[in-house]
Amino acid sequence: MADRQLGIGLLGAGHFGRFHALKLSAGRRTRLVGLHDADPARAAAVAAEAGCPVLDQAALIAAAEAIVIAAPTAFHFDLARAALLAGKPVFIEKPIAATLEQADALIALAAERRLPLAVGHIERFSAAFQAVVGAETGGRALSWEAVRAAPFRPRSLDVSVVLDLMIHDIDLVLALAGESPTDIQAVGAAVASDRPDFAVARLTFPGGRAATITASRVSLVLERRLRILGTEGETSVNFLDRTLATLRRGGAEPVATMPGSGIDRGGWTDHDSLEAEHDSFAAAVLDGAPLVVDGATGRRALAVALAVEAAIAAG
């Protein structure tokens, strides 16, 4: 079935919803059967650009084979529940829902109906993350330090920076660590909106391993970095420069002050992560392929993100 396209309906045509619309309409394994948005003018504009009709919610769910939800977080649960009850596989942009109770209900409903439920943690599909996973390491990882910062833009302000930006790195750290944290501490503050615009979280894992994750949407500059410290050295990743360097035993580039150790340097060529994400969802629906980020994985990231928000509020 590799040549068949999945007919997808899009619920939500805002800033990122527009990107979904354009990619779905031109996808190798997807076709956009229509879209719906609460703002009729916005829906009409994006539909004209993507070459698809505007349909009301019920008609769109009925017409589509599967549903992509790119509406604000507050609407994720109701929209996903309606689609699942109609028997349609669902892809939800991160976060999976606004609360853990809502996430649990969606996961249970998808399991009951035997329907794929995917969550849009797009970084899992990036060439950068694949390069990190495939790189030689500095021994067993003991600490992760992630930074994701950008100048202020007045969008996605319905959620805090934790659910807007930090949740990407929460998901990546959880994937790299292979377990959930046992303790979470955090600080943050609202600077340009009524929700926290920057946050710094410290996650402690079983056995004492730890991660520090910094996210800001009120930064002076754009930053995107990851540092992994391990038993034999470290890996440093600059996502903006597309560079990766690992100091480890037996590394290729000798280090004069560390006999036996060296530096491996590398990088990657970016690909279209959103297209890869759509292809993966289509493969799950059409071919029965496993989901890369399923509902349970999305819930784990949400649980940590909500704990970070709670720690900020308590502090």
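In this text, all values refer to a predicted model and were calculated from it rather than measured experimentally.

S.K.: Explain the nonpolar core to me, and be specific about the residues and the numbers.
M.R.: In terms of nonpolar packing, the biggest core is built from 65 residues, with I69 and M166 touching the most fellow members. If you tally residues by element for this core, the top one is helix α7 (residues 161-177), at 10 residues. Leave out the neighbours within four places in its chain, and I69 touches L11, H76, L79, A80, V90, F91, I92 and E93. A13, A43, V46 and F91 belong to the second-largest nonpolar core, a separate cluster that totals 21 residues.

S.K.: Just give me the short version of the pairing of strand β3 (residues 66-69), but keep the residues and values in it.
M.R.: Residues A66 and V68 line one face of β3 and the alternating positions I67 and I69 line the opposite face, and both faces are buried. Bridge count for β3 against strand β4 (residues 90-93) is three bridges, and the pairing is parallel. Each residue of the ladder has a partner; that of I69, found in β4, is I92. Of the crossover connections in this fold, the one passing from β3 over helix α4 (residues 76-85) to the parallel β4 is right-handed.

S.K.: Account for unusual backbone geometry, with residues named and values stated.
M.R.: Between K94 and the following residue, P95, the backbone shows a cis peptide bond with an omega angle of -10°. Positionally, P95 belongs in the loop between β4 and α5 (100-113). Backbone geometry places R114, a non-glycine residue, at a positive phi of 55°. Tracing the backbone shows R114 in the loop between α5 and β5 (117-120). For R114, a relative accessible area of 78% puts it in the exposed group. The phi angle at R242 is positive, at roughly 60°, despite the residue not being glycine. Position of R242 among the secondary structure elements: in the loop between β11 (233-238) and β12 (243-249).

S.K.: Can you explain the pairing of strand β14 (residues 261-267)? Please cite residues and give values.
M.R.: Bridge analysis of β12 against β14 gives seven bridges, and the strand direction is antiparallel. Each bridged residue has a counterpart across the sheet, and for A245 the counterpart in β14 is R265. In this structure, strand β13 (residues 253-254) lies alongside β14, joined through two bridges in antiparallel fashion. Paired with P254 across the strands is G262, a residue of β14. Between the antiparallel neighbours β13 and β14 lie six residues, among them G260 with a positive phi of about 90°.

S.K.: Go over the sheet that holds β14, please, and point to the residues and values.
M.R.: As summarised here, the arrangement of the nine strands in space is β7-β8-β9-β6-β10-β11-β12-β14-β13, forming an open sheet in which the pairing is mixed. Each edge of the sheet is formed by a strand with only one pairing partner; in this case those strands are β7 (183-189) and β13. Here helix α9 (residues 295-314) sits on the sheet in contact with β7 and β8 (198-204), set at roughly 60° to β7.

S.K.: Describe the sheet that holds β3, with residues and values.
M.R.: Spatially, the five strands line up as an open sheet ordered β2-β1-β3-β4-β5, and their pairing is parallel. Where the open sheet ends on each side, the last strands, each with one partner, are β2 (30-36) and β5. Going across the sheet, the axis of each strand differs from the next one's by a mean of 20°, ignoring polarity. By the bridge criterion, six bridges tie strand β1 (residues 6-11) to β2 in an arrangement that is parallel. Bridging from a neighbouring strand, I8 pairs with L32 of β2. Along the sheet face, helix α8 (residues 273-287) touches β1, β2, β3, β4 and β5 and points at about 120° away from the line of β1.

S.K.: Which residues make up α9, and what are the values?
M.R.: For α9, spanning 20 residues, the distance from its first C-alpha to its last is 28 Å, which sits close to the expected 28 Å at 1.5 Å a residue. Listed as buried for α9 are G295, T297, G298, A301, L302, V304, A305, V308, A311 and I312. On its buried face, α9 is in contact with α5, β5, α7, β7 and β8.

S.K.: Please provide a residue-by-residue account of the packing of aromatic side chains, values included.
M.R.: All told, the structure shown has four aromatic pairs when counted by the stated rule. When the ring of W144 is compared with that of F205, the centres are 5.8 Å apart and the planes differ by 70°; the resulting orientation is edge-to-face. Taken together, the residues W144 in strand β6 (residues 141-149) and F205 in the loop between β8 and β9 (210-216) connect sequence positions 61 residues apart. In terms of burial, W144 and F205 fall into one category: buried. Residue placement shows R18 over the ring face of F19; its charged tip is 5.7 Å from the ring centre. The ring of F239 has R224 lying over it, and the distance from NZ or CZ to the ring centre is 3.9 Å.

S.K.: Describe the pattern of salt bridges, with residues and values.
M.R.: Going through the model one piece at a time under the given rule, you end up with 23 salt bridges. The partner of D171 in a salt bridge is R124, and the shortest N-O contact between them spans 2.8 Å. Within this pair, whereas D171 is found in helix α7, its partner R124 is found in the loop between β5 and α6 (127-134), the two being separated by 47 residues in sequence. Neither D171 nor R124 differs from the other in exposure class; each is buried.

What counts and what doesn't
Residues numbered from 1 in each chain as written. Predicted model: local features only at pLDDT ≥ 70, side-chain atom pairs only at ≥ 80, totals over all residues. Heavy atoms only, no water. Core = buried A, V, L, I, M, F, W, Y, C linked by side-chain atoms within 4.5 Å. Buried < 20%, exposed > 50% of the residue type's maximum accessible area, 1.4 Å probe, protein only. Helix = DSSP H or I, 4+ residues; strand = E, 2+ residues; numbered from the N terminus. Contact = heavy atoms within 4.5 Å. Pairing = 2+ DSSP bridges. Right-handed = clockwise from strand over helix to strand, strands pointing away. Axes fitted to C-alpha atoms, helices over the stretch in contact; angles between N-to-C directions. Expected span 1.5 Å × (residues − 1). Phe/Tyr/Trp six-rings, centres within 6.5 Å; stacked < 30°, edge-to-face > 60°. Lys NZ or Arg CZ within 6 Å of the ring centre and 35° of its normal. Salt bridge = Lys/Arg side-chain N within 4 Å of Asp/Glu carboxyl O.

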